[in-house]
Structures are given as C-alpha cells and as structure tokens.
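Each chain, letter by letter, is given below.
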Amino acid sequence: ALSSKITERAREENLRPGFANTIALCVEEMAGNVVRHAFKPGEKKWFDVLILEKEHEFIVRMRDNGKMFDPLKYFHENADDKDTEHMGIKLVLKMAKDVQYSRSIGLNNLIVTVEKGDYGPG
C-alpha cells in the first residue's frame, strides 16, 4: 500500500514514472526489511517516510521506532548467504547513489539518495 501511495502521489506531481517506480521500490523493500527485522509480531510501531526532491536527486528518509536494525550491516554480514531474504537491500544498494543508516534517540534512520539522471525519460 505504501509504494502505491508513493506512485500515486508522484503521478499527481507529474514526476517521470521511472523516478516514481524507483522511489516506491526503495521504500517498499526497506520497509519490508524493517517490519521483518525491527518489529515484533503484533507490536504497535510506526514507519515514517519523507521524500525530498532536489534538482538532480531524490532523498528518501525512512524512520521507525522498532528495535535497532541497520540494513547495511545486515547485508554485509550476510553477503555470502545464498538466501534471497536480503535481495531487496541489494537491489536498493544498486539503484541508489548513497545509502546511510543511523540510530538516534531510539529511532532507526535510513537515508537513500537516488539520482534522477539514472532513470531516463518518463
């Protein structure tokens, strides 16, 4: 539902579909990992997304109040694993110009920067 809302909002803002799809995919993949690794079943937690459009890039900030989960560390610790569970993180790392994680005041903060030029005309 989250990626659909992002795609719908992008259409309203007349963004090129390639940009919208890339951003929606990044959020969907990372949100899924947060739910899987940072939230306990039945636990009431929240996940917040802020998307900032700049001249040459989009900055996607995702924040949640789940237990500490650093997707970059998780990916690198499991890089040799044949399991497809972390393929979404790998995909986001390939699409993004930069990915940064931090933990502050009990919140996971993930910033994904995607260059506009990488996804061609709409």
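These figures come from a predicted structure and were not determined experimentally. (Residues numbered from 1 in each chain as written. Predicted model: local features only at pLDDT ≥ 70, side-chain atom pairs only at ≥ 80, totals over all residues. Heavy atoms only, no water.)

1. Some points on the environment of histidine 86
Condition: A run of DSSP states H or I qualifies as a helix once it reaches four residues; a run of E qualifies as a strand once it reaches two. Both are numbered from the N-terminal end.
Take histidine 86: it is sitting in the loop between helix 3 (71-77) and helix 4 (87-95). Along the backbone, histidine 86 and asparagine 33 are 53 residues apart, and their C-alpha atoms lie at a distance of 8.0 Å.

2. Overview of the packing of helix 1 (residues 2-12) against helix 2 (residues 17-38)
What counts is decided by this rule: Each axis is a line fitted through C-alpha atoms, taken for helices only over the stretch in contact, and angles between the N-to-C directions span 0 to 180 degrees. Here is the rule for angles: anything less than 35 degrees is roughly parallel, anything more than 145 is roughly antiparallel, 65 through 115 is roughly perpendicular, and the remaining ranges are oblique. What makes a crossing left-handed is the near helix being turned counterclockwise from the far one by less than a right angle; a clockwise turn instead makes it right-handed. The contact definition used throughout considers only heavy atoms, calling two residues in contact when any of these lie within 4.5 Å. Basically, the charged four are Asp, Glu, Lys and Arg, the nonpolar ten are Ala, Val, Leu, Ile, Met, Phe, Trp, Tyr, Cys and Pro, and anything else, Gly included, counts as polar.
Two elements in contact, helix 1 and helix 2, have axes whose closest approach is 9 Å; the angle formed by their N-to-C orientations is 160°. The angle between helix 1 and helix 2 falls in the class roughly antiparallel. Considering how the two elements wind past one another, helix 1 and helix 2 form a crossing that is right-handed. Contacts between helix 1 and helix 2 involve Leu2, Ser3, Ile6, Thr7 and Ala10 on the former and, on the latter, Ala20, Asn21, Ile23, Ala24, Val27, Glu28 and Ala31. Along the lines of polarity and charge, the residues of the contact of helix 1 with helix 2 split into 8 nonpolar, 3 polar and 1 charged.

3. With respect to the pattern of salt bridges
Put simply, the rule is: Here, a salt bridge means any Lys or Arg side-chain nitrogen found within 4 Å of an Asp or Glu carboxyl oxygen. A simple rule labels every residue: compare its accessible area, found with a 1.4 Å probe on the protein chains alone, to the largest value its type can have, and call it buried under 20%, exposed over 50%, or partly exposed in between.
Taken as a whole, this structure holds 6 salt bridges when the rule is applied. For lysine 45, the salt bridge is made with glutamate 43, and the minimal N-O distance between the two is 4.0 Å. In this structure lysine 45 comes out as partly exposed when scored by relative accessible area, which is 33%. The shortest N-O distance in the salt bridge between arginine 61 and aspartate 48 comes to 2.3 Å. Taken as a pair, arginine 61 in strand 2 (residues 57-64) and aspartate 48 in strand 1 (residues 47-53) lie far apart in primary sequence, 13 residues in all. Look at arginine 61 and you get buried, because its relative accessible area is 19%. Via salt bridges that share partners, Asp48, Arg61 and Arg63 belong to a single interconnected network.

No statement about biological role is implied by the geometric values presented.
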